[in-house]
Amino acid sequence: MRTKKITRFLIFFIIILVGLAWFNYSRTDLVNMKANRYAYLENENVRDVDIGVVWPYKDLPTYTQGIELALSDIEKEKSFSYHFKIHLKEEKREGTDIWDFANNKKIVAAIGFLHSNSVKACAPILGEAGVLILECGTNPFLLERNYKLMAANCYSDFYHTINMKDIAKSLGMKKLAVIYKDTDYCNGLYNLFAFQIGKENDIYLTSANEYNENSYVEPIYDKIINTKCDGIVFLGYSDDASYLLKYLHKSGYRKPFIGNEELDLEAFTKSFKPSFDLSNVYCSSYDTAFDKTPELESFAKRYKQKFNSAPDQWSLCGYSAIMLIKQSIDNADSLIPQSLYSSIIYSDHTILGLKYKYEKNGSLELNLTSSKKWMPGKGFIPFLPDNNSSNQEDYEHKFDK
């Protein structure tokens, strides 16, 4: 009798194991997911456009507000016979579970992805599952990985590094010390910046210092002092930049301090007392002036009326992501992600008067960045004229990974 019970228990246990194994396999069977998705979306009666949104919307709501305004504008177009359905997922730095989007055969596209590590983790899964991806991670090296069905929806760090190089040149700086954090985003920035400096005959890097959580910026500063540099280029995050600048200030350092767009944040500027001297601080940031086209001016007005605040670059990215998909559906007359991706890459869509032109690898050529300088009482304001210093040959350069 006892032997029968043990046998039954073993059989039951084996059944459970097989069931769990099958569940796990079906949940991660990317080939089958893609087949199911395309079979579903090929049905001409399907009129819902299901979009997954991966974004830290609790901390940065302007992206989803841009999406909301885009959906409101689309609803006014009586000729558009499809209906967008949004599925929100909060993006987390420590990792975002994307498998439910991959498994859902109705999901046409996934958009958002502020952080480079999210792109790196989620893009291979979604691409293999046949989902179109429009991402805001600005590191162009991610696109060199040849992820399937992925295109950028923000302005490449390539332009930021050109701006930072131009700031250094305008200030007559010859010897630069670079500090950059050990992340995908910052490593990409450093490689791009080193490429820009490598094209200059009279500027060079006296030192390049990588830091992480175990190697903080303070001891690195002591190394930089010995290089006798003309200034510092900081490629990191706002809290680290604030800490370093305070340390520099105490040490009597007043040479130029050039950073990336993380400096142009309230978290950075509000971390200093009003009396703190930031007159030596420069950065490359997004150009969020909405007066470049009449359509952008109208967008800013409608956005302010709806949300009682001014739009920013993320508002525009959220809006343009939806409009790129909408125009691609119009163009391709299909919900198949591969068709929509081809339309985005090759059709040069116009949104709010801006040309969304892409390279074959999914890089967005649109440049809405600018060089900025800190001015007391005004914050960061444009420092150099918009000289469109990038060119096609530079942009198409295949960086050595």
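This section reports on the structure supplied with the text. (Residues numbered from 1 in each chain as written. Predicted model: local features only at pLDDT ≥ 70, side-chain atom pairs only at ≥ 80, totals over all residues. Heavy atoms only, no water.)

With that settled, the discussion passes to the pattern of salt bridges. For the structure shown, the criterion picks out 16 salt bridges. A salt bridge links Lys89 to Asp100, with the shortest nitrogen-to-oxygen separation between them at 3.0 Å. Of the two residues, Lys89 is situated in strand β2 (residues 83-90) and Asp100 in helix α4 (residues 99-103); the sequence distance between them amounts to 11 residues. The class for Asp100 is partly exposed, based on a relative accessible area of 41%. (Salt bridge = Lys/Arg side-chain N within 4 Å of Asp/Glu carboxyl O. Helix = DSSP H or I, 4+ residues; strand = E, 2+ residues; numbered from the N terminus. Buried < 20%, exposed > 50% of the residue type's maximum accessible area, 1.4 Å probe, protein only.)

The strand order β7-β6-β8-β9-β10-β13-β14 describes an open sheet built from seven strands, whose pairing is mixed. With partners counted over all chains shown, the strands left at the sheet margins are β7 (204-211) and β14 (379-382), one partner each. The mean angle between the axes of side-by-side strands here comes to 25°, regardless of whether they run parallel or antiparallel. Sheet topology places strand β10 (residues 281-286) next to strand β13 (residues 369-375); five bridges connect them, and they run antiparallel. The residue of β13 that forms the bridge with Tyr286 is Thr369. On the sheet, helix α8 (residues 217-225) packs against β6 (175-181), β7 and β8 (231-235) and is oriented at approximately 160° with respect to β7. (Pairing = 2+ DSSP bridges. Axes fitted to C-alpha atoms, helices over the stretch in contact; angles between N-to-C directions. Contact = heavy atoms within 4.5 Å.)

Treat this as a map of the structure, not an account of what it does.
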